[in-house]
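# Examination of the molecular architecture
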2 protein chains.
Amino acid sequence: MQALRRLPGVGVKSASRMAFHMLQHDREGAQLLSQALQNAALTVRHCSLCHTFTEADVCATCLNPLRDHSKLCVVETPADQSAVERTSAFKGLYFVLMGKLSPLDGIGPRDIGLQKLFARATDGVVQEVILATNFTAEGEATAHVIAEALKARGLQVTRLARGVPAGSELEYVDLGTIAHALVDRR
Amino acid sequence: MQALRRLPGVGVKSASRMAFHMLQHDREGAQLLSQALQNAALTVRHCSLCHTFTEADVCATCLNPLRDHSKLCVVETPADQSAVERTSAFKGLYFVLMGKLSPLDGIGPRDIGLQKLFARATDGVVQEVILATNFTAEGEATAHVIAEALKARGLQVTRLARGVPAGSELEYVDLGTIAHALVDRR
């Protein structure tokens, strides 16, 4: 139970429920999970090009010749990357910051590898950098810093559009979102 | 992520959050959890007296000479046992059914080891059997079947009291509970 509580979002009650469930009904699952955790902790590392998680030196996405190597999408985490990837709306490459600028937590440009991003984006092949950091204060600040630096290097820099979420009713959308959707209307 | 989804209550989103968290921030935790799961799946078995989880042949509770061997508390699961144990209100021994009678799911007296319970309860030392199965339809039915069988063998059989939960206001307690509390008033 103690070890299960290291998982994010798992408290005392869930840990005990998980432990008893695995012992009573799914020992095979416990062994599978044990093996998977062990393998992951030992073999998963960062792609030397885009920094995402991979077991190889360069990840499969970066090596894929069918993808558009002139477009680079910057995201905060592999989870964000996988969200963008699931949309099937982007066929370019990624750069995963593995974090965001957060001066209050002492996380500066060096901690999220901005120099590596700048080197990656100015390889001569990349034409457009799409900033897909989160629309939070820190995500916006990170996007701003990257945009300034890359524009100064002569690259085209774009940002994910802000607007009304698909399937939502205006009545229930917050005013800031509607205001942004009005400004960015097309 | 697939392996993490074997844990109860973990869906696609939680599994991905857990996997990314462990990879990014807590590889040591992943290794610890891997080891703990492996050990548990291989070494944890059932106490030959009370059926609870233990790594020995007989669990520490059953072996404890300071406990009252004349009282036997019957619970459905080790989690229930640990809930009773945390109250510090019971100093006797336990019998853990590892389930409950549930004809609709095809779980009969044999599947929850009722014969073993009857043999255990009629060892000559046990005087009172306290039924602490859940107050659900199946828990009640299980308690009823055990009560009938043990009374026929001349044992004293009691059931956990039903009533208003500690700290609750009558206004918000359901009527069935209040009715039971009235009937069982003391």
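In this text the structure is predicted, and so the values were computed from the model without any measurement.

### Considering the environment of Cys-50 of chain A
Residue and element names in this part refer to chain A. Checked against the element boundaries, Cys-50 lands in the loop between β1 (45-46) and β2 (53-54). Classification of Cys-50 as buried rests on a relative accessible area of 1%. Residues Cys-50 and Phe-90 lie 40 residues apart in sequence; the distance between their C-alpha atoms is 16 Å. If we skip the residues at most four places from it in the chain, Cys-50 touches Cys-59, Cys-62, Tyr-94, Phe-95 and Val-96.

### Some remarks on the interface of chain B and chain A
Each partner contributes residues to the interface: chain B has 36 residues there, and chain A has 36 residues. In this assembly, chain B packs against chain A so that about 3,500 Å² is buried in total across both faces, 66% of it on carbon and sulfur atoms. Between chain B and chain A we count 2 salt bridges in total. For Arg-6 of chain B, the salt bridge goes to Asp-26 of chain A, with nearest N and O atoms at 2.9 Å. Across the contact surface, chain B and chain A share 9 residue pairs in polar contact (both at pLDDT 80 or more).

### Some thoughts on unusual backbone geometry
The phi torsion at His-51 of chain A lies on the positive side, around 75 degrees, for a residue other than glycine. Exposure remark for His-51 of chain A: the relative accessible area of 15% places this residue in the buried category. Residues other than glycine seldom take positive phi values, yet Ser-88 of chain B does so here, at roughly 60 degrees. Tracing the sequence through the fold places Ser-88 of chain B in the loop between α4 (78-86) and β4 (92-96).

### Considerations on the side chain of Arg-67 of chain A
Residue and element names in this part refer to chain A. For Arg-67, the position within the fold is in the loop between α3 (60-63) and β3 (68-75). Under the relative-accessibility criterion, Arg-67 is labelled buried at 11%. Side-chain polar atoms of Arg-67 contact the backbone oxygen of Phe-90, separated by 3.3 Å. At a separation of 2.8 Å, a polar atom in the side chain of Arg-67 contacts the main-chain carbonyl oxygen of Gly-92. Each residue touching Arg-67, except ones within four places of it in the same chain, is listed here: Thr-61, Glu-85, Phe-90, Lys-91, Gly-92, Leu-93 and Tyr-94.

### Side note on the pattern of salt bridges
All names here are of chain A. Inspection of every chain in the model, using the stated rule, returns 12 salt bridges over all chains. A salt bridge links Glu-85 to Arg-67; the shortest N-O distance between them is 2.7 Å. Of the two residues, Glu-85 is situated in helix α4 (residues 78-86) and Arg-67 in the loop between α3 and β3; the sequence distance between them amounts to 18 residues. Ionic pairing is found between Lys-71 and Asp-68, a salt bridge with its closest N-O pair at 3.5 Å. Each of Glu-140, Arg-159 and Arg-162 takes part in salt bridges that share partners, so that together they form one network.

Reading the values: rules and limits
Residues numbered from 1 in each chain as written. Chains lettered and ligands numbered in written order. Predicted model: local features only at pLDDT ≥ 70, side-chain atom pairs only at ≥ 80, totals over all residues. Heavy atoms only, no water. Helix = DSSP H or I, 4+ residues; strand = E, 2+ residues; numbered from the N terminus. Buried < 20%, exposed > 50% of the residue type's maximum accessible area, 1.4 Å probe, protein only. Contact = heavy atoms within 4.5 Å. Buried area = accessible area lost by both parts, 1.4 Å probe. Salt bridge = Lys/Arg side-chain N within 4 Å of Asp/Glu carboxyl O. Polar contact = N/O pair within 3.5 Å; in protein donor to acceptor, adjacent residues only side chain to side chain.

Worth remembering: the numbers are spatial, not functional.
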